[in-house]
Amino acid sequence: MADAQRPDPDALLASIRQESEAAQRGKLKIFFGMCPGVGKTYAMLRAARQELEKGVEVVAGIVETHGRKETAALLEGIPIVPRAQIAYRGTTLEEMDLDALLAWHPRLILVDELAHTNTPGCRHPKRYQDVLELLDAGIDVFTTVNVQHIESRKDTVTQITGVQMRETVPDSLLDVAEDITLIDLTPDQLRERLAEGKVYLGERAATAGDHFFRESNLMALREMALRLTAEHVDRDLRQLKQGMVMGEPWKAGDRLLVAVSASPSSEILIRWARRAAASMEASWIAAHVETPQPLAPLDELRLGLNLTLARQLGAEVIMVENADPGEAILRVARQHNATQIIVGKPGPRTLAGWFKKSPVDWLVRNSGDIDVHMVRAEKSGQSPSVPSTAHAPFQWPQYGAAFGIVGAVTVLGLLLEPLVGYWAIALIYLLAIILSALRLRRGPTLVLATVSALLWNFLFIPPRFTLYIRELRDIMMFAMYFIVAVIVGHLTSRLHEREEAERRGEERATALYRLSRALAATREPGEALGVVVKIIRETFGAESCLFVRDEAGRFSGEAHPASSLALSPKEESVAAWAFQHKQPAGRFTDTLPDSEALHLPLITGGNAEGVLAVKFSDDTPLSMQRRELLEAFAAQIAVTFEKDRLAQVSRKAQLAAQSDKLQRALFDTVSHELKTPLAAISAVLEQPGAASISQEIRPAVARLTQVVNNLLDMTRLDSGMLKPNLEWADPAELVLEALKQVEEQTRSRNVTVQLPRDLPPLHIDPGLVQQAVALVISNANLHTPPGTGIEISAAYDPQIVKIMIADHGPGLKPGEEELIFQKFYRSAGAPAGGTGLGLSIARRLIEIHEGRLTARNRSGGGAVFTIELPAGEPMKLPDNEPLQGA
């Protein structure tokens, strides 16, 4: 089998590993649609009935028919697991019974509305997490989801429709799916179904048609669904091709491959490929073939710049090793399902070219159904060609050694010829060629073979001192000697080159292993960095300096003590640039190339952990192999720094968690211990005869009771047990009820309320939001001079309702806009009696409704607190959520 048709071993291993993992998991099939009403649930039930007819055990975990008779009819005959009853805030809600399904363990389970959020108290907060557990248990699952619930499309859907998506599933779940079936309808067909009452009923259908189900929205959502499905089909296609014996590409979509070499004209090829890929909306690959012959330093630098350009323009860069560039390019194209190959148009063929294999000609003859584009080098006198080894400068010492060897062997032959005959001299020449090829390059070796053949003919074959050969046997002997000498010399040189390439690869692997072992052998990174600096010095002949990010994630500017290189302020600024932009800078780059050192950012997980600065002892450009090795060093160091930072964060989090636990326990204990005597005091004050002392004690008891209630509320918020019981509420009524709560406190103030009559309803917990508003009003009353007014107003847009509470007090000091919402924070000069918890509790209560509470100074003096809450929409009614999968 030709190398170009041999499957990629790495792809085969990955495929085997995936198949092994998939064999132990259940299979997920997603019925995917652009929005509710396209018929996903109906299609899922039809597919389930087909499986049922095949004898597969099918169970309905949870299926929402939404009152549609034709959907309910398909559900008949399929066993339904009773839903779990979840008690929540005095109400019993129904959810899918995950434990019952796991105990039943059927072959296939139907789970509708994958993006659904479970009721608090379930094992998982999201239904898709229930599905993952079913898959891990080896159970197949059929499910439904709409494109607006995919996490990566959430913001785009909000921008298109104006509706904020609150229930999403991660994109990785689509990667888990073995089958994604698109349920597609045209916008006209879906709007017709909506008008017929097959999606929503009554006024709700009319409202939906005027808002979410507008034709423009449906067209955009449909395009998103089609594109997302196509992306996953293309991914599956490439994975399938990589694990197969390489044949012709499957032209399901365009995919370009451009061959990149050290030639200056490769830059033209890369830009041409980028333009072609953009015009065809296709992905593209930049492939470079590394041959055993090393590149000259200048070519190494040029190759690095070409590959960097390809990455910057969005190409997927692939580097492979092969002695035959054309064969390697074709193999990469078939492995990655490329439909078109872009190479440079070859220039005029030289004399040496007639005796060499042309990679471009070979590609054209053997590419099969893959199209080959040959691009002319417009501004370069050199041919781009396909990746090939750029010739090093002329090796005068090696050619001199070749002539010296042939001269020495000739002298030895003249001495031995009377004893052994002229035929034996040919063997001595041949032995010299083989031994010399172990040290010399291919060019000097071929010169040695040619000159030795001519000298053997001229000096030893009768008639001597002529190139004429009289005997037929001597002619045959000379021809065979010449052919054998050239072939043996060529093969020996090629073997030597491959040996050198393997040795260079072994050196890189050994250096990387030493670095990894040094980093893994110590618990603290600082202990290993001294060894790391030593390894860099031994491997690259360079001194290095390390910078580590500070706790706030900024560039520290202080070199690590283990560094062996002291940088000037100018070099430190280059390191800061590399850290901020997460790109290499300095020597051998396009950014600040006049710097003395090469600065590599330590990137892991998209974050910069620091910078590695390396100063080399000479001006020789880094080869691609050495550059990649240095970048691998930087990646290993970055991972070590990240592990150390995460360990520190974990330790701090554990300490903070223990501290919070003790704090909550103290709050809870003290609050309950105070609440009982306060209740007793209040009861005594209500008895007849206590009126004389109640006027003094009652305000103090009320204030202390408020402090205790705040402590209890903060304990509930910190524990995470406080969950909103959502219902529809009028914002105006909510503000008026909050004013009644603080009526005693604000009796001496002029409270002005201006609320629009047409405020939209809010889907909130009225009690919790009312408490938050009351706390903000109480704070304004406490921190403003007596007799000043408090103004309450409201405003709204299509998505947010704002409630503003403004006072005429001293306002906020610079920098206090966020500090006042911290627990126990009290501004300097604040009146006695507060605990600094009111505003913190109010913000937390608003945030659990996905809202915001902010503060700022107002013009003319005083502060204004703004509560922002998501506005409800007429189409968002209980029972049937409009954005759940149909």
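Residues numbered from 1 in each chain as written. Predicted model: local features only at pLDDT ≥ 70, side-chain atom pairs only at ≥ 80, totals over all residues. Heavy atoms only, no water.

## Here we look at the pairing of strand β13 (residues 542-548)
A regular strand carries its side chains on alternate faces of the sheet. Filter applied, for reference: Categorising residues by exposure relies on relative accessible area from a 1.4 Å probe, with only protein chains included: less than 20% of the type maximum marks a residue as buried, more than 50% marks it as exposed, and the intermediate range marks it as partly exposed. For helices the rule is a DSSP run of H or I covering at least 4 residues; for strands it is a run of E covering at least 2, with both sets numbered from the N terminus onward. Two strands qualify as a pair provided that DSSP identifies no fewer than 2 bridges between them.
With respect to burial, β13 is a largely interior element, five of its seven residues being buried. Strand direction decides the pairing type here: β13 and strand β16 (residues 607-616), joined by seven bridges, are antiparallel. Residue pairing for β16: Cys-545 is matched across the bridge by Ala-613.

## A few points about the sheet that holds strand β1 (residues 28-33)
As a reminder, the rule being used: The angle between two axes is taken between their N-to-C directions and runs from 0 to 180 degrees, where each axis is a line fitted to C-alpha atoms and a helix contributes only its stretch in contact. Residues count as neighbours in contact if any of their non-hydrogen atoms are within 4.5 Å of one another.
Judged by pairing direction, the sheet is parallel, and its five strands sit side by side in the order β2-β5-β6-β1-β7 without closing on themselves. With one partner strand each, in any of the chains shown, β2 (58-62) and β7 (179-183) form the two edges of the open sheet. On average, adjacent strands in this sheet sit at an angle of 20° to one another, irrespective of strand direction. Pairing analysis gives six bridges linking β1 to strand β6 (residues 140-146), with the strands arranged parallel. For Gly-33, the partnering residue across the bridge sits in β6 and is Asn-146. Each of β1, β2, β5 (108-111), β6 and β7 is contacted by helix α2 (residues 40-53), which is oriented at about 165° to β6, the strand it contacts most.

## Focus on helix α17 (residues 442-459)
Which entries qualify depends on this criterion: In this analysis, the expected span of each helix is defined as 1.5 Å times one less than the number of residues it contains.
Taking 1.5 Å per residue as the helical rise, α17 with its 18 residues ought to reach 26 Å, and the 26 Å between its terminal C-alpha atoms agrees with that figure. What α17 keeps buried is the set Arg-442, Pro-444, Thr-445, Leu-448, Ala-449, Ser-452, Ala-453, Trp-456, Asn-457 and Leu-459.

## What about the side chain of Thr-866?
For Thr-866, the location among the structural elements is in strand β23 (residues 863-870). Once you skip the residues sitting within four places of it in the chain, Thr-866 turns out to touch Lys-802, Ile-803, Met-804, Arg-852, Leu-853 and Thr-854.

## Things to note about the pattern of salt bridges
We apply this condition: What makes a salt bridge here is a side-chain nitrogen of Lys or Arg within 4 Å of a carboxyl oxygen of Asp or Glu, nothing more.
Summed over all chains, the structure comprises 17 salt bridges. A salt bridge links Lys-54 to Glu-51, with the shortest nitrogen-to-oxygen separation between them at 3.7 Å. A residue is classified by how much of its surface remains accessible, and Glu-51, at 22% relative accessible area, is partly exposed. Here Arg-843 ties to Glu-818 by a salt bridge, and the two come within 2.8 Å at their closest N and O atoms. Of the two residues, Arg-843 is situated in helix α26 (residues 838-847) and Glu-818 in helix α25 (residues 816-819); the sequence distance between them amounts to 25 residues. Judged by relative accessible area, which is 15%, Arg-843 ranks as buried. Judged by its relative accessible area of 46%, Glu-818 falls in the partly exposed class.

## Quick word on the packing of aromatic side chains
Let me state the cut-off plainly: Aromatic pairs are defined between Phe, Tyr and Trp rings, using the six-membered ring for Trp, whenever the two ring centres lie within 6.5 Å; interplanar angles under 30 degrees are classed as stacked, those over 60 as edge-to-face, and all others as tilted. Two thresholds decide whether a charge sits over a ring: the Lys NZ or Arg CZ must be within 6 Å of the ring centre and within 35 degrees of the ring normal.
Enumeration over the complete set of coordinates arrives at nine aromatic pairs. Summarising the aromatic geometry, the rings of Phe-458 and Phe-465 are spaced 6.2 Å apart at their centres and angled 75° between planes, so their arrangement reads as edge-to-face. Between Phe-547 and Phe-555, the ring centres sit 5.2 Å apart and the planes meet at 45°, which makes this aromatic pair tilted. An aromatic cluster is built from Phe-547, Phe-555 and Phe-579, whose rings are joined through pairwise contacts. Over the ring of Phe-142 we find Lys-29; its NZ or CZ atom is 5.4 Å from the centre of that ring. Sitting over the face of the ring of Phe-821, Arg-843 holds its NZ or CZ atom 4.0 Å from the ring centroid.

## A word on the environment of Leu-256
Locating Leu-256 in the fold gives a position in strand β8 (residues 255-259). The spatial distance from the C-alpha of Leu-256 to the C-alpha of Ala-315 is 9.6 Å, given a sequence separation of 59 residues. The contacts of Leu-256, once residues within four sequence positions are left out, are Ala-273, Ala-276, Ala-277, Met-280, Ala-282, Ser-283, Trp-284, Ile-285, Gln-340 and Ile-342.

## Brief notes about the environment of Ala-559
With respect to the helices, strands and loops of the structure, Ala-559 is situated in the loop between β13 and α20 (569-581). The exposure class of Ala-559 is partly exposed, given its relative accessible area of 42%. The spacing of Ala-559 and Leu-546 is 13 residues in sequence and 5.6 Å in space, taken between C-alpha atoms. Aside from chain neighbours lying at most four places away, what touches Ala-559 is Cys-545, Leu-546 and Phe-547.

## Here we look at unusual backbone geometry
Put simply, Pro-462 and Pro-463 share a cis peptide bond, and its omega is -10°. In this structure, Pro-463 sits in the loop between α17 and α18 (472-520). The backbone of His-105 sits at a positive phi, close to 55°, despite the residue not being glycine. Position of His-105 relative to the elements: it lies in the loop between α4 (98-104) and β5. A relative accessible area of 39% means that His-105 is categorised as partly exposed. Within the chain, Glu-850 stands out as a residue other than glycine whose phi angle is a positive 60°.

## As for the nonpolar core
Quick note on the threshold: Only buried residues count toward a nonpolar core. Its members are Ala, Val, Leu, Ile, Met, Phe, Trp, Tyr and Cys residues joined through side-chain atoms within 4.5 Å.
Membership of the largest hydrophobic core comes to 61 residues, with the highest contact counts inside it found for Phe-32, Cys-35, Leu-110 and Leu-190. Ignoring any residue separated from it by four or fewer positions in sequence, one finds Leu-190 in contact with Met-34, Cys-35, Pro-36, Gly-37, Val-38, Leu-185, Val-199, Phe-213 and Leu-218. Counting residues in hydrophobic clusters, the runner-up holds 38 residues, among them Val-742, Ile-777, Ile-790 and Ala-842.

## Some points on helix α15 (residues 396-420)
Counted only if it meets this: Note on bend: at a given residue it equals the angle between the axes fitted to the 7 residues ending there and to the 7 starting there.
In this model α15 runs 34 Å from its N-terminal to its C-terminal C-alpha over 25 residues, within 8% of the 36 Å that 1.5 Å per residue would give. Its axis deflected by about 35° at Leu-414, α15 carries its strongest bend there, up to four residues before the proline Pro-418. Those residues of α15 that sit buried are Gln-398, Tyr-399, Ala-402, Val-406, Val-409, Thr-410, Gly-413 and Glu-417. Residues of α15 that are buried make contact with α16 (422-437) and α17. Two residues or fewer after α15 comes Gly-421, characterised by a positive phi angle close to 90°.

## Digging into the environment of Thr-492
The residue Thr-492 is located in helix α18 in this model. Judged by relative accessible area, Thr-492 falls into the buried class, the value being 12%. Every residue in contact with Thr-492, bar those within four places of it in the chain, is listed here: Ile-434, Ala-437 and Leu-438.

## So, the confidence of the model for the protein chain
Here is the rule we go by: Scored between 0 and 100, pLDDT is the confidence that the predictor attaches to each residue.
In the predicted model, the protein chain carries a mean pLDDT of 77, and 78% of its residues have values of at least 70. Taken element by element, the protein chain is modelled with least confidence in helix α1 (residues 9-24), mean pLDDT 56, and with most confidence in β5, mean pLDDT 94. Here residues 379-393 is a poorly scored stretch, pLDDT under 50, and it has 51 contacts once near neighbours within four places are set aside; other chains count. pLDDT under 50 marks residues 875-886. Its contacts with residues more than four places away, or in other chains, come to 45 contacts.

## Focus: the pairing of β6
The buried fraction of β6 amounts to seven of the seven residues, a majority that puts the element mostly inside the structure. Burial along β6 is two-sided: the face carrying Asp-140, Phe-142, Thr-144 and Asn-146 and the face carrying Val-141, Thr-143 and Val-145 are both buried. Bridging between β5 and β6 involves four bridges; their strand directions are parallel. From the neighbouring strand, Leu-110 faces β6, where its bridge partner is Phe-142.

## Section: the packing of helix α13 (residues 325-335) against helix α14 (residues 359-366)
Applicable threshold: Oblique is the label for any angle not under 35 degrees, not over 145, and not in the 65 to 115 range, which are roughly parallel, roughly antiparallel and roughly perpendicular in turn. Crossings are classed by handedness, with left-handed meaning an anticlockwise turn of the near helix from the far one by less than a right angle and right-handed meaning a clockwise turn. The nonpolar class holds Ala, Val, Leu, Ile, Met, Phe, Trp, Tyr, Cys and Pro. Asp, Glu, Lys and Arg form the charged class, and all remaining residues, Gly among them, are polar.
With their axes 8 Å apart at the nearest point, α13 and α14 run at an angle of 40° to one another. As summarised for this structure, α13 and α14 are arranged oblique, according to the angle between their axes. The hand of the α13/α14 crossing is right-handed. In contact with Gly-326, Glu-327, Ile-329, Leu-330 and Arg-334 of α13, α14 contributes Pro-359, Trp-362, Leu-363 and Asn-366. The residue makeup of the contact of α13 with α14, split by class, is five nonpolar, two polar and two charged.

## Focus on a nonpolar patch on the surface
For clarity, the cut-off: What makes a patch is a set of residues exposed beyond 30% relative accessible area and free of salt bridges, joined within 9 Å when like-charged and within 5 Å when nonpolar (Val, Leu, Ile, Met, Phe, Trp, Tyr). Reported accessibility uses the Shrake-Rupley method at a 1.4 Å probe radius. Residues are deemed covered only where the shown protein chains occlude them.
There is a patch of nonpolar side chains on the surface, built from Leu-454, Phe-458, Phe-465 and Leu-467 and spanning about 400 Å² of accessible area. In this fold, Phe-465 is placed in the loop between α17 and α18. Classification of Phe-465 by relative accessible area gives exposed; the value is 53%.

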